[in-house]
Amino acid sequence: MAMIDAKYFKEYREKLGFTNQNGIKAFFGAKDIVSEVDYKYLESLNGRLIQIVQKINLLVADEIKVDNFDLFCHENITTVFEKLKYNNIIVKLNNQGRRPEEVYFSWMRGFVISSYFLKALSQIFDVDIENIDLIGDDDFSNIETFKRTPKADLQINLQNGEKIRIEVQSGFQGINDIKQHKVIEAKKIKRDENIASLVIHFDLFNGQVAFVKIDEIDEDNVNWITRQQMEGQTVFNIDQNYFAWKLTEEPPKFISMSFE
């Protein structure tokens, strides 16, 4: 029998009609078949986004409810969707083989929650919403700049002149983690610019919110774990002690929080 080696493997794949390994992998996994974006499905997903906000808006304290629910949904769901569609971005969304509609919904869900709680953040930090700067890298006009990076979502200018970076996260499955690269970036910002970074994690599965100063997380902290569901990524698991706000109650004041 002829030797089974790398030369044979290559010849075999060439006989199948493939000159490189990526090509045959895509063929066997049907990754080379691109389905059309299902806009009827997207309409249903947008409807679900509205339902999510509606349910949250019914249970939070009156002080942080949106003033005009229909206007909020129009500006933060309908208008954003139309911009992404117009700029041909939705069809290009992909993440480890997931359908564009699923990637869109996952991103939009986080975006909408972050937008919804801006009013709450202004109360937590005792600042006007105008003093909350959007500094993330998301862009609705260009696929090259519509991306997720370690950069925080927001920067708040406190009344004492201090600045603080805010990373707003949303959890929907009861799993509450912070990705390692977020912590690395926060430490760099603290070192280079002396600006602290805070993750505000909305655990919507359990109705609680955590506040974590990620630039102060030690490398040997016991909450660093390997999350198999995330391709073995190293993440910081948010301990229950970090959760300081029940969503059904008024938000706490940042000035009164303890981070020891």
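Residues numbered from 1 in each chain as written. Predicted model: local features only at pLDDT ≥ 70, side-chain atom pairs only at ≥ 80, totals over all residues. Heavy atoms only, no water.

**Student:** What is the right way to read the packing of aromatic side chains from this model?
**Tutor:** Think of a pair of aromatic rings as described by two things: how far the centres are apart, and how the planes are tilted against each other in angle. Inspection of every chain in the model, using the stated rule, returns 14 aromatic pairs. Grouped by ring-pair contacts, the aromatic residues F72, Y116, F117, F202 and W245 constitute a single cluster. Sitting over the ring of Y39, K85 keeps its end group 4.7 Å from the ring centre. One Lys or Arg, R109, reaches over the ring of F172 and ends 3.9 Å from the middle of that ring. (Phe/Tyr/Trp six-rings, centres within 6.5 Å; stacked < 30°, edge-to-face > 60°. Lys NZ or Arg CZ within 6 Å of the ring centre and 35° of its normal.)

**Student:** Looking at this model, I keep getting lost on the sheet that holds strand β8 (residues 233-237). Mind explaining?
**Tutor:** Two orientations exist for strands paired in a sheet by backbone hydrogen bonds: parallel and antiparallel. With respect to topology, three strands assemble into an open sheet ordered β4-β8-β7, the strand pairing being antiparallel. With one partner strand each, in any of the chains shown, β4 (177-179) and β7 (224-227) form the two edges of the open sheet. Ignoring which end each strand starts from, the neighbouring axes of this sheet average 45° apart. As paired strands, β4 and β8 are joined by three bridges and run antiparallel to one another. (Pairing = 2+ DSSP bridges. Helix = DSSP H or I, 4+ residues; strand = E, 2+ residues; numbered from the N terminus. Axes fitted to C-alpha atoms, helices over the stretch in contact; angles between N-to-C directions.)

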